[in-house]
Amino acid sequence: MYYGTISHEILHVLGIKHQQARYDRDDYLNDANGIEILDETNSDNFGSPYDYGSVMHYGRFDTTQKLYDQTIGHRVGPSFIDIAMINQRYKCFCKTPTVTCLNGGYPNPNDCDSCICQHGYGSRTCGEIDPGTEDESEVINVESDECQTFEKSLGTDNNIRYNYYKKTWYHFKAPPGKKVQFIFLKGSDADQSESDGCDDNGIEVKITKSKFNRTGFVFCGNNNKFISDSNDNIKKFTSTNNLAMLQLFTRKNKIDVIVKYRFVDSESDEVPSSCAPFNEGDCKNIDTDAKCKGWAADPDENCEADPDYMSENCAKTCGTC
Ligand SMILES: [Zn+2]
């Protein structure tokens, strides 16, 4: 029994319904017809926004905002909004806080001299980056409109599922007035398929400052909505302000990220060659690495069984380039 499941059930006991039962859920979910929905007149969201990362979903749903497909339905743990709601519900506030909280945090009712921070921020006042569990969190100054490459891993490929998560945060900070742009080249090749959620490990991307109180986009398993797999298919993720965040988390195996980053004035700025996912002559798969790996392990479809297709589309996996 994991922390996320336990917190889900405890929040029920304390009176919190499923997130997908909110009266405004049809703005966020496509396939919730027939599933319990609350009435606006006898339920209260305490002013909190819909959070795809709420631990109070009872599984995955088809989201109206497709980039949240792997965010929804996880059991990692309660979100900032989940905890804020339960504090509101029971009026757990500091009457005389002795701390001023920054970046959307609020005084912790269990210790009115410290703050509960929006995920991604830490320290007593939420004025700094969340140090994570490994003390490896890092602020990266984004100083160029040419792409730099950021490459990190967290965890160990030993197939053990721990009952706690390792977490590391990265803040990408552009000069004032600029925006941060990400182009992802790799997001884990752990044994998680795109259709699964990211309960074991994943990458969270926060690029919208007004939504920093909510869970960002989460992806794992080289999700092709995020990964740019060719120079003709570059997927850009541009922040609304000069701060963007990434979080790596894992309780099982290694999560890898390779992302190109730079600053831009606007999302539509032309993409320079430094941001192209591949250089000419790079050995690469045309299909995703995860798909090629799957086929290569299948006796009917592997590199020898289907050499024409595989050498063309999975050249890297088959070692034919
Ligand atoms: Zn439930």
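Residues numbered from 1 in each chain as written. Predicted model: local features only at pLDDT ≥ 70, side-chain atom pairs only at ≥ 80, totals over all residues.

(A) Geometry of the overall build of the protein. Counting secondary structure elements, the protein contains five helices and 13 strands. Taken over C-alpha atoms, the radius of gyration comes to 21 Å for the protein, in line with the 20 Å a tight globule of 321 residues would show. The buried share of the protein, reckoned over its 321 residues, is 39%. A fraction of 71% describes how many contacts in the protein between residues 6 or more apart in sequence connect residues 24 or more apart. (Helix = DSSP H or I, 4+ residues; strand = E, 2+ residues; numbered from the N terminus. Rg over C-alpha atoms; globule rule 2.2 N^0.38 Å. Buried ≥ 20, exposed ≤ 12 C-beta atoms within 10 Å, placed from the backbone. Contact = placed C-beta atoms within 7 Å.)

(B) Structural context of the UniProt feature "binding site: Zn(2+)" (unreviewed entry) in the protein. Annotation from UniProt places "binding site: Zn(2+)" (unreviewed entry) at H8, H12 and H18. Following the sequence through the fold, H8 ends up in helix α1 (residues 3-13). Of the residues examined, H8 has 21 C-beta atoms within 10 Å and is grouped as buried. With sequence-adjacent residues up to four places away left out, H8 is seen in contact with V55, M56 and R75. If you trace the backbone, H18 turns up in the loop between α1 and α2 (80-89). Since 20 C-beta atoms lie within 10 Å of it, H18 is described here as buried. (UniProt positions renumbered as here; feature names shortened; annotations may be inferred.)

(C) Layout of the environment of P307. Within the element layout of this structure, P307 appears in helix α4 (residues 307-313). Linking P307 and T149, residues 158 residues apart in sequence, is a C-alpha distance of 33 Å.

(D) Quick look at the domain arrangement of the protein. Under the domain assignment, the protein is made up of domain 1 (1-92), domain 2 (93-130), domain 3 (131-280) and domain 4 (289-318). Each of domain 3 and domain 4 was reduced to a C-alpha centroid, and the two centroids are 28 Å apart. (Domains from an automatic or database assignment.)

(E) Up close: the pairing of strand β9 (residues 201-206). Judged by how many residues are buried, β9 sits mostly within the fold: six of six residues are covered. Of the two faces of β9, the one carrying N201, I203 and V205 and the one carrying G202, E204 and K206 are both buried. In this sheet, strand β12 (residues 243-250) lies alongside β9 in antiparallel orientation, the contact comprising six bridges. Paired with N201 across the two strands is T250, which belongs to β12. In terms of strand pairing, β9 meets strand β10 (residues 217-219) through three bridges, oriented antiparallel. In the sheet register, V205 faces β10, and the bridge partner there is F217. (Pairing = 2+ DSSP bridges.)

(F) Inspection of the sheet that holds strand β13 (residues 255-264) at higher detail. Overall, antiparallel pairing links the four strands, which are arranged β6-β13-β8-β11 in an open sheet. What marks the edges here is a single partner per strand, and that holds for β6 (148-154) and β11 (237-238). In the sheet, β6 pairs with β13 via seven bridges, with the strands oriented antiparallel. Paired with L154 across the bridge in β13 is I255.

(G) Spatial organisation of the pairing of strand β7 (residues 166-173). Across the eight residues of β7, six count as buried, placing the element largely inside the fold. Examined bridge by bridge, strand β5 (residues 138-141) and β7 share four bridges and lie parallel to one another. By the bridge assignment for β7, E138 is matched with Y170.

(H) Helix α3 (residues 289-296), seen in detail. Among the residues making up α3, those that are buried are A290, C292 and W295. Summarising the contacts, the buried residues of α3 are in contact with α4 and α5 (315-318).

(I) Structural context of unusual backbone geometry. With a phi angle near 50°, F46 is a residue other than glycine that sits in the positive phi range. On the secondary structure map, F46 appears in the loop between α1 and α2. Given 12 C-beta atoms within 10 Å, F46 falls into the exposed group. Even without a glycine there, the phi angle at N253 is positive, about 65°. Residue placement: N253 occurs in the loop between β12 and β13.

(J) Spatial organisation of the environment of I16. Secondary-structure assignment places I16 in the loop between α1 and α2. Distance from I16 to I86, taken between C-alpha atoms, is 7.5 Å for residues 70 residues apart in sequence. Contact partners of I16, with chain neighbours within four places excluded, come to L11, M56, M85 and I86.

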